[in-house]
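One-letter residues, chain by chain:
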Amino acid sequence: QVRLVESGGGLVQAGESLRLSCATSARTSSTYDMGWFRQAPGSEREFVAAISWNGGTTSYAVSVKGRFTISRDNAENTVYLQMNSLKSEDTAVYYCAARRTVGVIYRDAVAYNYWGQGTQVTVSS
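The structure presented is a predicted model; accordingly, all values stated were derived computationally and were not measured. (Residues numbered from 1 in each chain as written. Predicted model: local features only at pLDDT ≥ 70, side-chain atom pairs only at ≥ 80, totals over all residues. Heavy atoms only, no water.)

It is worth spelling out a nonpolar patch on the surface at this point. A cluster of nonpolar side chains, namely V102, V104 and Y106, defines an oily patch on the protein surface of about 260 Å² accessible area. Along the chain, V102 falls in the loop between β9 (92-100) and β10 (114-115). (Patch = residues over 30% accessible without salt bridge, like charges linked within 9 Å, V, L, I, M, F, W, Y side chains within 5 Å. Areas by Shrake-Rupley, 256 points an atom, 1.4 Å probe, with all protein chains shown as cover. Salt bridge = Lys/Arg side-chain N within 4 Å of Asp/Glu carboxyl O. Helix = DSSP H or I, 4+ residues; strand = E, 2+ residues; numbered from the N terminus.)

Here it is, written out as structure tokens:
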């Protein structure tokens with residue numbers, strides 16, 4: 001069973017930073033690609049960032065590139081999303097997701113098999 005638990009969400013002012021964490025089951029840490037997605041009220045779930053199993057490849061949505069950084073620490077079984085220069089439009093529930101690596105990282109939510117429960121990020125302007 002793959003378990004993902006997000007933390008680190010909260011309420012911040014525009015321009016501030018937050019770091020989200022996703023604690024994973026030990027078995028996911030070195031064989032799974034990981035992704036972050038977000039969903040705002042009334043909107044579909046959208047891709048934010050993804051990272052390969054070894055951290056060697058990353059991918060970002062255009063809307064967050066240059067502001068957000070995805071990273072992972074396989075020794076700690078944790079994936080991070082550092083979010084800087086937050087904007088009101090970043091307000092959403094953020095979800096961590098995992099899929100067994102196949103050598104290519106995916107940006108589509110349907111490609112991920114395992115999901116966390118989500119953590120709320122609210123940015124006030």
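On to the environment of R3, then. Residue position: R3 is located in the segment before β1 (4-7). Looking at R3, the relative accessible area reads 53%, which means it is exposed. Residues R3 and R27, 24 residues apart in the sequence, show an inter-C-alpha distance of 9.5 Å. For R3, the contacting residues outside a window of four places in its chain are A23, T24 and S25. (Buried < 20%, exposed > 50% of the residue type's maximum accessible area, 1.4 Å probe, protein only. Contact = heavy atoms within 4.5 Å.)

Our next topic: the nonpolar core. Soluble globular proteins: nonpolar side chains tend toward being buried together. Counting residues in each nonpolar core, the largest one holds 34 residues, and the members touching the most others are M34, W36, L81, M83 and Y94. Filtering out sequence-adjacent residues up to four positions away, L81 remains in contact with L18, R19, L20, W36, V48, A49, F68, T69, I70 and Y94. (Core = buried A, V, L, I, M, F, W, Y, C linked by side-chain atoms within 4.5 Å.)

The next subject is the pattern of salt bridges. All told, the structure shown has three salt bridges when counted by the stated rule. The salt bridge partner of E46 is R38, with a shortest N-O separation of 2.5 Å. E46 gets classed as partly exposed once you look at its relative accessible area, which sits at 35%. For R67, the salt bridge identified is with D90, shortest N-O distance 2.8 Å. Within this pair, whereas R67 is found in the loop between β6 (58-60) and β7 (68-73), its partner D90 is found in the loop between β8 (78-83) and β9, the two being separated by 23 residues in sequence. Accessibility classification places R67 together with D90 in one group, the buried group. Connected through salt bridges with shared partners, the residues R38, E46, R67 and D90 form a single ionic network.

On to the state of the cysteines, then. Enumeration according to the criterion identifies one disulfide in this entry. With a sulfur-sulfur separation of 2.1 Å, C22 is cross-linked through a disulfide to C96. Disulfide C22-C96: the torsion about the S-S bond is -80°, which places it as left-handed. Of this pair, C22 sits in strand β3 (residues 18-24) while C96 is found in strand β9, placing the two residues 74 residues apart along the sequence. (Disulfide = S-S within 2.5 Å.)

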